[in-house]
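Breakdown of the fold
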Amino acid sequence: GENVEQHPSTLSVQEGDSAVIKCTYSDSASNYFPWYKQELGKRPQLIIDIRSNVGEKKDQRIAVTLNKTAKHFSLHITETQPEDSAVYFCAASPTTGNQFYFGTGTSLTVIP
Amino acid sequence: NAGVMQNPRHLVRRRGQEARLRCSPMKGHSHVYWYRQLPEEGLKFMVYLQKENIIDESGMPKERFSAEFPKEGPSILRIQQVVRGDSAAYFCASSGPGYGYTFGSGTRLTVV
């Protein structure tokens, strides 16, 4: 089955700096890669996703890149703000309607 | 659209009792997934169900845990004879046509 690894496990940045979280996956059949943000005590919420036919996707301060050859994808947050502090999870899925394989999470702290 | 509804939000059970966790998927969604999240850990897949069918239960412990998604009514995750190690947040997610999960708010199970 799919194995998703995520790094780093914790990340602290100064407000206004950029944050980068990286994930690798093992199953070349995976073609959908969502990112979830989970604030303390709350549900994971989808913040951005990318499909395997796209190399990069951007939504305001958040961007995701995908390298299918190397089987890795990354989340980039620019101009970080304290409200970006949360745990971020990457995931990979071989197809819609199937289970997602999640990374172990990155706890991001943005220092004001 | 009420989103994915989970209840109860908090559940306290004594060791040896049964825990029943309920999940109503988003309207139009026919796929339900259950995940367990231990404190400060990632999301671990448990089971994937469609109406009246278990599609993938590879993440479900072999004993004491069961899940169903009947033709009518919510999906139920049932834990028999709970032990302290079952204390965790249990998240349900649903998906439908297209990509992406929507998570419920979770049920926080505490075994005392």
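Up top is the structure these notes are about.
These lines cover the structure that appears in this document, whether it is placed above or below. Since this is a predicted model, take the numbers as computed values, not measurements. Counting starts from 1 at the beginning of each chain's written sequence and moves along it residue by residue. All chains are assigned letters beginning with A, and all ligands numbers beginning with 1, in the order in which they are written. The predicted origin of the model limits local features to residues at a pLDDT of at least 70 and limits the giving and counting of side-chain atom pairs to 80 or more, whereas totals for whole chains, interfaces and linings rest on all residues. As a rule here, side-chain values cover all heavy atoms of the structure and leave hydrogens and water aside.

**What about the overall build of chain A?**
Of regular secondary structure, chain A possesses zero helices and eleven strands. Sequence-ordered secondary structure for chain A, helices as α and strands as β, is β-β-β-β-β-β-β-β-β-β-β. Here the C-alpha radius of gyration of chain A, 13 Å, is about what a compact globule of 112 residues would show, namely 13 Å. Expressed as lengths along the three principal axes of its C-alpha atoms, the size of chain A is roughly 40 × 30 × 20 Å. When each of the 112 residues of chain A is scored for burial, the buried share is 42%. Taking all contacts inside chain A whose residues are at least 6 apart in sequence as the whole, residues at least 24 apart take part in 53%. One finds the centroid of the 10 positive side-chain charges in chain A at a distance of 5 Å from the centroid of its 12 negative side-chain charges. The helix count covers DSSP runs of H or I at least four residues long, the strand count covers runs of E at least two residues long, and both are numbered beginning at the N terminus. Our radius of gyration is a C-alpha quantity, and the globule rule it is checked against amounts to 2.2 Å times the number of residues to the power 0.38. Residue exposure (1.4 Å probe, protein chains only): buried if accessible area is under 20% of the type maximum, exposed if over 50%, otherwise partly exposed. Note on contacts: a residue pair is in contact if any heavy atoms of the two residues lie within 4.5 Å. All tallies of charge rest on Lys and Arg as positive and Asp and Glu as negative; His and the ends of each chain are not included. Charge placement uses NZ in Lys and CZ in Arg. For Asp and Glu, CG and CD serve respectively.

**Quick word on the sheet that holds strand β3 (residues 19-24) of chain A**
Residues and elements named next belong to chain A. Ordered by their spatial adjacency, five strands build an open sheet running β1-β3-β8-β7-β6, and the pairing between neighbours is antiparallel. The sheet is open, and its two edges are formed by β1 (5-7) and β6 (56-59), each paired on a single side. Across the sheet, the axes of successive neighbouring strands diverge by a mean angle of 15°, strand direction being ignored. When DSSP finds two or more bridges between two strands, those strands count as paired. For β3 and strand β8 (residues 72-77), the ladder comprises six bridges, and the chain directions are antiparallel. If you follow Thr24 over to β8, its bridge partner there is His72. Fitted lines through C-alpha atoms give the axes, limited to the stretch in contact for helices. The angle between two N-to-C directions lies from 0 to 180 degrees.

**Comments concerning the interface of chain B and chain A**
By convention, interface size is frequently given as the accessible area that disappears when the constituent parts associate. Tallying the contact residues gives 23 residues for chain B and 16 residues for chain A. Summed over both partners, the interface of chain B with chain A buries about 1700 Å², with 54% contributed by carbon and sulfur atoms. Between N or O atoms, a polar contact is any pair within 3.5 Å; within protein, one atom must be a potential hydrogen donor and the other a potential acceptor, and residues adjacent in sequence are included only when both atoms are from side chains. Taken together, the connections running from chain B to chain A amount to seven residue pairs in polar contact (both at pLDDT 80 or more). Secondary structure elements with two or more residues in the side of chain B that touches chain A: β4 (31-37), β5 (43-50) and β9 (88-95) of chain B. Top element by residues in the side of chain B that touches chain A is β4(B). It accounts for four residues. Ten residues, namely Ala, Val, Leu, Ile, Met, Phe, Trp, Tyr, Cys and Pro, are considered nonpolar, four, namely Asp, Glu, Lys and Arg, are considered charged, and the remaining ones, Gly among them, are considered polar. Residues belonging to the side of chain B that touches chain A are distributed by class as follows: ten nonpolar, ten polar and three charged. Accessible area, probed at 1.4 Å, shrinks when two parts are joined; the buried area is that loss added up over both.

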